[in-house]
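Structural features, examined
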Amino acid sequence: MAPLTPRLVVPIDVKKKPWEQKVRLHNRWHPDIPPVADVTEGELFRVEMVDWTGGRVRDDDSADDIKFLDLTITHYLSGPLRIVDAEGVPASPGDLLAVEICNLGPLPGDEWGYTGIFERENGGGFLTDHFPSARKAIWYFEGIYAYSPQIPGKSSCVNEAFQL
């Protein structure tokens, strides 16, 4: 028997802006936001996501995208999803749902991430007194490892870095 292939319920095209995606994204959880898909209890499914900035941080050596990031239009989320039982009855508020994350990783062709420090004038961070200027490190993923050209000589096991 062939291995189970998850059904893709929220596809993402990394070349498109968040508002151009096939399935609508949102930026908060609220009961008035309708579900974008139904998934059945016990079903194996896949949800793709954009990064919280909607792709406005670029894969380059400049931290200007972090420095000038407009923080009023961020926090893009995939979903919400409606969970239904075998008879099609949806879960209700207060129901306990057990979720097993079977796989986690970057989208094909987009195998990188970043660490950013905000400019003091653009929100800063908890170490602003030590790091007042915007900084960015790009991380490239290779299997379970990641490395950054901005932090030479340092590579990290992704499982350790993210404590999965």
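Up top you'll find the structure we're talking about.
Here, residues in each chain are numbered from 1, in the same order as that chain's written sequence. Reporting of local features is limited, given that this is a predicted model, to residues whose pLDDT is at least 70; pairs of side-chain atoms are given and counted only at 80 or more, and all residues count toward the totals for whole chains, interfaces and linings. Here the side-chain values reflect all heavy atoms present in the structure, with hydrogen atoms and water set aside.

Overview of the overall build of the chain
Check the secondary structure of the chain and you find two helices and eight strands. Labels follow the DSSP assignment, with helices taken as runs of H or I lasting at least four residues and strands as runs of E lasting at least two, numbered in each case from the N terminus. Ordered by position from the N terminus, the helices and strands of the chain form the series β-β-β-α-β-β-β-β-β-α. Viewed in the frame of its principal axes, the chain has a C-alpha envelope of about 55 × 40 × 30 Å. Burial analysis of the chain (164 residues in total) assigns 26% to the buried set. Nonlocal contacts in the chain, meaning residues at least 24 apart in sequence, comprise 61% of its contacts between residues at least 6 apart. For the chain, the exposed area adds up to about 11800 Å²; of that, 56% sits on carbon and sulfur atoms. Only protein chains enter the accessibility calculation, which uses a 1.4 Å probe; a residue whose area is less than 20% of its type maximum is buried, one above 50% is exposed, and one in between is partly exposed. Note on contacts: a residue pair is in contact if any heavy atoms of the two residues lie within 4.5 Å. Throughout, the Shrake-Rupley method with a 1.4 Å probe supplies accessible areas, and for residues the shown protein chains are the sole cover considered.

Brief notes about the pattern of salt bridges
Salt bridges are defined as contacts in which a side-chain nitrogen from Lys or Arg sits within 4 Å of a carboxyl oxygen from Asp or Glu. Inspection of the entire model under this criterion finds seven salt bridges. Between D38 and R82 there is a salt bridge; the shortest N-O distance is 2.8 Å. One end of the pair, D38, is in strand β2 (residues 37-40); the other, R82, is in strand β4 (residues 81-84), with 44 residues separating them in the sequence. By relative accessible area, which is 34% here, R82 ends up partly exposed. In this structure, D65 engages K136 in a salt bridge whose closest nitrogen and oxygen atoms are separated by 2.9 Å. Taken together, the residues span a long stretch of sequence, with D65 in helix α1 (residues 64-67) and K136 in strand β6 (residues 135-142) at a distance of 71 residues. The same class applies to D65 and to K136, which are both buried. Sharing partners across several salt bridges, the network here consists of R58, D60, D65 and K136.

Let's talk about unusual backbone geometry
The residue after G79, namely P80, is reached through a cis peptide bond having omega -5 degrees. By the element assignment, P80 lies in the loop between α1 and β4. A positive phi angle, close to 70 degrees, is found at H75, a residue other than glycine. Take H75: it is sitting in the loop between α1 and β4. Judged by relative accessible area, which is 42%, H75 ranks as partly exposed.

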